[in-house]
Amino acid sequence: MGASESTILHYTEADPDVRLMLKVRDDNAQAFQELVERYQTRLVSLLAFQLGSRDMAEDLAQEVFLRVYRARKRYEPGAKFSTWLFTIANNVALNARRTLARRKEVSVSPSSPDRTGMQPIQPAAASGAMPTRQADKAELQDIVRLAVDQLSERQRMAVMLAKFEHLGYAEIGEVMGLQPSAVKSLLARSREKLRVLLRGYLERGDAIGSLIDSEEEGEPT
Amino acid sequence: MSDSSPNPKRPHQADQDSVREQLVAYLDGELSDELSQAVERQISEDDAVKEEIQSLDQAWNALDALPLASTSHDFTKSTIAMVTMAATQDVVNATTAMPALRKKRRWGMAALLVTFTAAGFLLSSLFVSYRDRQLIRNLPETRYAKTLNQVVDIEFLKAWSEEASKSIPSSRLTSLTKEAETWQMLSASPPTERFRWTEALPPEEMTQLSDQSIAFQSLTKLKQDRLRELNQQLGESDTADELRRYALLYEQLVSKLPPIEQASLRNMPTDERISRMRKEVRRQRDRLLLEMTDDEQKLFRQAIDKVLERIDAVDDERTDTFIREMYRRRYPDKKISKEQILLLKMRGMARIASMPETDSERRPFSFAKVNPELWNSLQSDLVKALPSRIQDEIAEAKNKSKQTQMVLFLIGNTLQSTSTTDASTYFAEELTQKEQLEYLSLTKEEMQEKLEERLSSEMLEGFEGRGDLLNQRRGRGPSRRDESAPWRDEVEGRPENFGPPRNGPGQRGNGGQRRGPGPNQPRD
């Protein structure tokens, strides 16, 4: 589907990554490298959340960049560059999961024993060997990861795009091939599920907020 | 956005989802100003709604605790390199049939990327494709998966090395030293060195390694972890070098057994397994002593070729005709090659020369021109090309006839291992359509194995015990399960029944690969 001239103009002006991609379209290798550098961490993180393995995520991220390169001549800025990139990533992740499911090689969602009886996740006792604050941080990470793992594949993708890529419903819909209204429902269900799963932990008060703050500030423990 | 108005009152159960959607959309900044204000009013008026939106927001904020995945330090370089390779390949594919002028234009990005990559990243030393990444990471376990899988656990390996050191001469382990060193090196090397090592492999070996990688990747994670753990335990052992050699030796011995026996061994307690292997060592001992590395086989192959040249120089048309006729009767649809005639002549000469004088009347009449002295000289040249440990073994044989049988066994083995005939060409050109269909019904590995077996059986006609043309026997090739030493007639009672080992791989030399079909995939 071709984008209108005004759309192309809009995204070319508004999104520097679109301009980079247009240079890639014109065979500018430096621009391609710049895009790889700008997006690699975000892309690998997104794919790692989807697949539960950083190694596999790196491999798939390279596959995504290869597809970007191969599609460069057909590229038209009908959306933000990140939306286009994550659309490719979503397809690659779906294919990878299908392949893995066929092989029954690994449990793709590392810990999703029961999707039906949703119960709040109970924190394990902090290790006596670790300072309390550090143990709390590690525990928080584990618990949040467990909760995210229990989301469905689509819920997880929508959550990651909204939370970490700050995409709007329309953009998430574009990436995932859904109507914005469907994204709205999907995200509402996802957030409710997270709320239920994390309830036990959250009821412990403000611990989360302060832990996250100290993490961001690089506080040692 | 879907903008139905929020219900001003506390909703019924059926409306809860709809309200939650509005609250979440509000938090996500997806509502219009008007709807946002309505939600804000609701929050200020209804504590339950306020509590709900707070807990939703809190859970959302908790996601900030998730760490972003970091990428490996060479991610950009390897990505650019991978894309460069793909770009180059695309251009090659696209321009193969193009006129020269148009070809040039197509090179745009590929040429730029290549230049860019070459200047910035030294492509040759840094390129790791996304698929190769897995291979490099698991290189030692991938390459030695079959060995590790057969060994199963370190305690058994220690017990086995003790047992084998008593019954197998240490000279036998010499041929495994290089491979064990490669194993050690790969286990201890960082990824860059592993990559350089793979880069230096010849294409054929790289392909095989790639197959092994696919096989390794298709194992369950548990199994992969087990093999990694065993490899690590091996590396940590005080006698790691020796244990690796005994592990390789063990795998060589066990791979000659039927799969069911191999599986049964893997599941046996150590004591029982050692006892079973004691018997197997006795059975295979002599054959083991004559195995050569790839490099040794290459040298011996050169000696064989020289001997064939000398036989070719003897004008003996009558024997040629005799061999052609025997071959035609055996394979009415096939034409015998010159190499096959020479091999059969060599075999005939050797047999005649090693016959006791009393058996002279059994000599085929057509070998009138065979001069036993000539064979003695040829055999002597052949033996000189063998590694000294094997020369010693031959020298210790109880008589000349046994020595000749050992030499012929080595020739058969070497010809099979160094054959350059391609199984796929053989498949396409030599098999009937019916035969092709039969082969195609097999799995890829089975097909390759059976093709290679049949190919070598036909190529080495005359070096096979059963179906020996010169003995006028009938039958289709040798038994797959005949692993004992052929020259030991006291073992088998069938001294002429020799030929290359048919089941399982041969030696691996310096970076060499196993002969034999299919990827190096361990069996469960």
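Residues numbered from 1 in each chain as written. Chains lettered and ligands numbered in written order. Predicted model: local features only at pLDDT ≥ 70, side-chain atom pairs only at ≥ 80, totals over all residues. Heavy atoms only, no water.

K.L.:
Just to check I follow, could you spell out the overall build of chain B for this structure?
P.N.:
When its secondary structure is counted, chain B shows 29 helices and zero strands. Counting over 524 residues, chain B shows a buried share of 50%. At a minimum sequence separation of 6, the contacts of chain B that also span at least 24 residues come to 75%. Approximately 25,300 Å² of chain B is accessible, and the part contributed by carbon and sulfur atoms is 50%. (Helix = DSSP H or I, 4+ residues; strand = E, 2+ residues; numbered from the N terminus. Buried < 20%, exposed > 50% of the residue type's maximum accessible area, 1.4 Å probe, protein only. Contact = heavy atoms within 4.5 Å. Areas by Shrake-Rupley, 256 points an atom, 1.4 Å probe, with all protein chains shown as cover.)

K.L.:
Help me understand the overall build of chain A in this model?
P.N.:
When helices and strands are tallied, chain A shows 10 helices and zero strands. Put simply, of all contacts in chain A between residues at least 6 apart along the chain, 68% involve residues at least 24 apart. Carbon together with sulfur atoms contributes 48% to the accessible area of chain A, which is approximately 10,200 Å² in total.

K.L.:
How should I be thinking about the packing of helix α7 (residues 153-163) of chain A against helix α9 (residues 180-202) of chain A in this particular structure?
P.N.:
Relative placement of two packed helices is described by the angle separating their axes and the distance separating the axes. Residue and element names in this part refer to chain A. Axis separation between α7 and α9 bottoms out at 9 Å; the angle between their running directions is 95°. By the angle between their axes, α7 is roughly perpendicular relative to α9. Across the interface between the two elements, R154, Q155, A158, V159 and A162 of α7 pack against L186, L187, R189, S190, K193 and L194 of α9. The residue makeup of the contact of α7 with α9, split by class, is six nonpolar, two polar and three charged. (Axes fitted to C-alpha atoms, helices over the stretch in contact; angles between N-to-C directions. Parallel < 35°, antiparallel > 145°, perpendicular 65-115°, else oblique. Nonpolar A, V, L, I, M, F, W, Y, C, P; charged D, E, K, R; others polar.)

K.L.:
For this particular structure, what's the right way to read helix α3 (residues 47-62) of chain B?
P.N.:
Each full turn of the α-helix corresponds to 3.6 residues, which orients residues three or four apart in the same direction. Spanning 16 residues, α3 of chain B covers 22 Å between terminal C-alpha atoms, matching the ideal 22 Å at 1.5 Å per step. Listed as buried for α3 of chain B are V49, E52, I53, S55, L56, A59, W60 and A62 of chain B. (Expected span 1.5 Å × (residues − 1).)

K.L.:
I'm lost on the interface of chain B and chain A in this one. Help?
P.N.:
One widely used convention gives an interface's size as the accessible area the parts lose upon coming together. With 55 residues of chain B at the contact, the number on the chain A side is 57 residues. In total, about 5,200 Å² of surface goes out of reach between chain B and chain A, with carbon and sulfur atoms giving 64% of it. Applying the counting criterion to the chain B and chain A interface returns four salt bridges. A salt bridge links R191 of chain A to D28 of chain B; its shortest N-O distance comes to 2.5 Å. (Buried area = accessible area lost by both parts, 1.4 Å probe. Salt bridge = Lys/Arg side-chain N within 4 Å of Asp/Glu carboxyl O.)

K.L.:
What's the story with the pattern of salt bridges in this structure? I'm lost.
P.N.:
Pairing between side chains becomes possible if they bear opposite charge and their charged atoms approach one another. A complete count under the given rule lists 26 salt bridges over all chains for this structure. One salt bridge in this structure joins R20 of chain B and E52 of chain B, with 3.1 Å as the shortest N-O distance. Within this pair, whereas R20 of chain B is found in helix α1 (residues 16-27), its partner E52 of chain B is found in helix α3, the two being separated by 32 residues in sequence. In the salt-bridge network here, residues are joined through shared partners; they are E192 and R195 of chain A together with R20 and E52 of chain B.

K.L.:
Sorry, what's going on with unusual backbone geometry here?
P.N.:
Even without being glycine, H166 of chain A reaches a positive phi, approximately 55°. If you trace the backbone, H166 of chain A turns up in the loop between α7 and α8 (169-176). Positive phi values are uncommon outside glycine, yet V152 of chain B reaches one of about 70°. Examined against the element boundaries, V152 of chain B turns out to sit in the loop between α10 (145-151) and α11 (154-167).

K.L.:
Is there a simple way to explain α8 of chain A in this structure?
P.N.:
Residues and elements named next belong to chain A. Buried residues dominate α8, accounting for six of its eight residues. If you check which residues of α8 are buried, you get Y169, E171, I172, G173, V175 and M176. Positive backbone phi, approximately 70°, marks G177, located one or two places after α8.

K.L.:
Explain the side chain of R195 of chain A to me, please; I cannot follow it from the model alone.
P.N.:
Take R195 of chain A: it is sitting in helix α9. A relative accessible area of 18% means that R195 of chain A is categorised as buried. Ignoring sequence-local partners within four residues, the contact set of R195 of chain A consists of E52, S55, L56 and A59 of chain B.

K.L.:
Even after reading the chapter, I still don't get the nonpolar core, so can you show me in this structure?
P.N.:
Nonpolar side chains in soluble globular proteins tend to be buried together. Residue and element names in this part refer to chain A. One finds F32, L43, L47, V144, L161, I172 and M176 to be the most contacted residues of the largest nonpolar core, which totals 85 residues. Looking at which element gives the most residues to this core, the answer is helix α3 (residues 29-51), with 12 residues. When near neighbours in sequence (up to four residues on either side) are disregarded, L161 contacts L46, F86, H166, L167, I172, V175 and M176. (Core = buried A, V, L, I, M, F, W, Y, C linked by side-chain atoms within 4.5 Å.)

K.L.:
Hey, could you run me through the confidence of the model for chain A in this one?
P.N.:
Caution applies to low-pLDDT regions: their predicted coordinates should not be interpreted in detail. All names here are of chain A. Predicted confidence across chain A gives a mean pLDDT of 78, with 75% of residues reaching 70 or more. Note on residues 105-117: pLDDT is under 50 here. Beyond four places in sequence and across chains, it has 28 contacts. The low-confidence segment residues 124-131, where pLDDT is below 50, has seven contacts with residues more than four positions distant or belonging to other chains. (pLDDT = per-residue confidence, 0-100.)

K.L.:
Teacher, can you tell me more about the packing of aromatic side chains here?
P.N.:
Aromatic ring pairs are defined here through the distance separating the ring centres and the angle between the ring planes. All names here are of chain A. If you walk through the whole model with that rule in mind, you get 10 aromatic pairs over all chains. Measuring from ring centre to ring centre gives 6.5 Å for Y39 and F86, while their planes differ by 70°; the resulting arrangement is edge-to-face. Of the two residues, Y39 is situated in helix α3 and F86 in helix α5 (residues 81-103); the sequence distance between them amounts to 47 residues. Relative to W84, the ring of F81 has its centre 6.0 Å away and its plane inclined at 55°; by these criteria the two rings are tilted. Of this pair, F81 and W84 both sit in helix α5, three residues apart, which is roughly one turn of the helix. Ring pairs connect the aromatic residues Y39, Y75, F81, W84 and F86, which therefore count as one cluster. (Phe/Tyr/Trp six-rings, centres within 6.5 Å; stacked < 30°, edge-to-face > 60°.)

K.L.:
What's the story with the environment of D316 of chain B in this structure? I'm lost.
P.N.:
All names here are of chain B. Within the secondary structure, D316 sits in the loop between α20 (294-313) and α21 (317-330). Of the residues examined, D316 reaches a relative accessible area of 7% and is grouped as buried. Between the C-alpha atoms of D316 and K345, which are 29 residues apart in sequence, the distance is 9.7 Å.

K.L.:
I'm lost on the packing of α9 of chain A against α1 of chain B in this one. Help?
P.N.:
Remark: α9 of chain A packs on α1 of chain B, axes separated minimally by 9 Å, with the N-to-C direction vectors making an angle of 95°. With respect to α1 of chain B, the axis of α9 of chain A lies roughly perpendicular. The segment α9 of chain A lies against α1 of chain B, with K184, S185, L187, A188, R191 and E192 of chain A engaging R20, E21, Q22, V24, A25 and L27 of chain B. Looking at side-chain class alone, the contact of α9 of chain A with α1 of chain B contains five nonpolar, two polar and five charged residues.

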